[in-house]
Amino acid sequence: MKNTEAAKKEIRRIKLKERAALPPGIRQHAEAGIAQRLFSCALYQAAREIFCYASYGSEADTSRIIAESLRLGKRTAVPKVTGERRMEFYYISSMEELSPGYRGIPEPEGRAGTEAVPAKDALIILPGAAFDRMGNRLGYGGGFYDTYLASHPQAGRAAIAFSVQIAERIPSGPYDIRPDIIFTEKEMIQCIQDSREIP
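Residues numbered from 1 in each chain as written. Predicted model: local features only at pLDDT ≥ 70, side-chain atom pairs only at ≥ 80, totals over all residues. Heavy atoms only, no water.

**A closer look at the overall build of the protein**
To keep it simple, the criterion reads: Only runs of H or I of at least four residues qualify as helices and only runs of E of at least two qualify as strands under DSSP, and these elements are numbered from the N terminus. Between the two quantities, the radius of gyration covers C-alpha atoms and the globule rule is 2.2 Å times the number of residues to the power 0.38. Accessibility here uses a 1.4 Å probe with only protein chains present; expressed as a share of the type maximum, an area under 20% marks a residue as buried, one over 50% as exposed, and anything in between as partly exposed.
Secondary structure summary: the protein contains five helices and twelve strands in total. At 16 Å, the protein has a C-alpha radius of gyration in line with the 16 Å of a compact globule built from 199 residues. Principal-axis analysis of the C-alpha atoms gives the protein an extent of 45 × 40 × 35 Å. Here the protein, with 199 residues, has 47% of them falling under the buried criterion.

**Remarks on the packing of aromatic side chains**
The description of an aromatic ring pair uses the distance of the two centres, along with the angle that the planes make with each other. What counts here: Two aromatic rings, drawn from Phe, Tyr or Trp (for Trp, its six-membered ring), form a pair once their centres lie within 6.5 Å of each other, and the interplanar angle then sorts them: stacked below 30 degrees, edge-to-face above 60, tilted otherwise.
Applying the stated criterion across every chain yields a total of four aromatic pairs. When the ring of Phe-51 is compared with that of Phe-89, the centres are 5.0 Å apart and the planes differ by 55°; the resulting orientation is tilted. Of this pair, Phe-51 sits in strand 1 (residues 49-52) while Phe-89 sits in strand 3 (residues 86-92), and the two are 38 residues apart along the sequence. Grouping residues by exposure puts Phe-51 and Phe-89 together as buried.

**Section: unusual backbone geometry**
Phi at Arg-85 is positive, roughly 60°, even though this residue is not glycine. Position of Arg-85 relative to the elements: it lies in the loop between strand 2 (75-83) and strand 3. Among the residues examined, Arg-85 registers a relative accessible area of 40% and is labelled partly exposed. Despite not being glycine, Arg-103 has its phi angle at roughly 55°, a positive value. Of note, Arg-103 is situated in the loop between strand 4 (99-100) and strand 5 (106-107). Look at Arg-103 and you get exposed, because its relative accessible area is 64%.

**Quick look at the confidence of the model for the protein**
The test is simple: Residue-level confidence of the predictor is what pLDDT reports, using numbers from 0 through 100. Throughout, a contact is declared for two residues whenever any of their heavy atoms are within 4.5 Å.
On average, residues of the protein score 92 in pLDDT, and 94% of them are at 70 or above. Every residue in residues 194-199 is under pLDDT 50, and counting partners more than four places away or in other chains gives 13 contacts.

**Quick look at the side chain of Arg-157**
Spelled out, the test is: By the criterion applied in these results, polar contacts are pairs of N or O atoms within 3.5 Å in which, for protein atoms, one can donate a hydrogen and the other can accept it, and in which residues neighboring in sequence qualify only through two side-chain atoms.
Locating Arg-157 in the fold gives a position in strand 10 (residues 156-160). Using a relative accessible area of 13% as the deciding quantity, one classes Arg-157 as buried. A polar contact is formed between the side chain of Arg-157 and the backbone oxygen of Arg-178, at a distance of 2.7 Å.

**Quick word on the sheet that holds strand 3**
The line we're drawing: Strands pair, by our definition, only if DSSP identifies at least two bridges between them. Fitted lines through C-alpha atoms serve as axes, helices being fitted only where they are in contact, and the angles separating the N-to-C directions of these axes extend from 0 to 180 degrees.
Reading across the sheet, the eight strands line up as 6-3-2-1-7-10-11-12 and stay open at both edges, with mixed pairing between neighbours. Sheet topology places strand 6 (115-116) and strand 12 (188-190) at the edges, where each strand pairs with a single neighbour. Pairing between strand 3 and strand 6: two bridges, direction antiparallel. Each residue of the ladder has a partner; that of Tyr-90, found in strand 6, is Glu-115. The sheet strands contacting helix 4 (residues 63-71) are strand 1, strand 2, strand 3, strand 7 (122-126) and strand 10, and the helix crosses strand 2 at an angle near 130°. Strands strand 1, strand 2, strand 3, strand 6, strand 7 and strand 10 of the sheet are contacted by helix 5 (residues 144-151), whose axis makes an angle of about 75° with strand 3.

**Thoughts on helix 2 (residues 24-40)**
Our working rule: Helix span is expected to be 1.5 Å times the residue number reduced by one.
Between its terminal C-alpha atoms helix 2 stretches 24 Å, which fits the 24 Å expected from 17 residues at 1.5 Å a residue. When we look at burial in helix 2, the residues that qualify are Arg-27, Ala-30, Glu-31, Ile-34, Ala-35, Leu-38 and Phe-39.

Structure below.
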């Protein structure tokens, strides 16, 4: 167990360093490619609701994903940390409704009446420090998404990442939840083979 945690910590350190080192021009071009791959996917197109984190630091930008989802008339929700390992999503109608919250990450105010609960026609977009091609995900250590997704297994799950964040193999445990699909600037990686066809 100790070796597994040490391996995860080292992969996280390496991948976050590689992500942060991406030059601005390459980063912007990659972000546009990631968004375009997502928008072209049937899983995104069929979703009536998009649950998407607000990017922070060196994460791939999600503002264009949130803006495009709102433009298309998809109900769009962003997470807010509400306690230890706990977060909830709230619907927004504009990026202007976000302000710095937990660790400086943009969050909605969380007003009563804007609470969002994902149904089958929702797509949850996951952040992460690193992923492998099986969909094993290495987050930032807070456990927020694993806790949330365990309570809401019915929605589709996608992740976005720069190609440098794809690791050869990430140790996984029984409670780790994988995305169905990962979008990078270079490819779309289908992680979970099930009855759904993901063009």
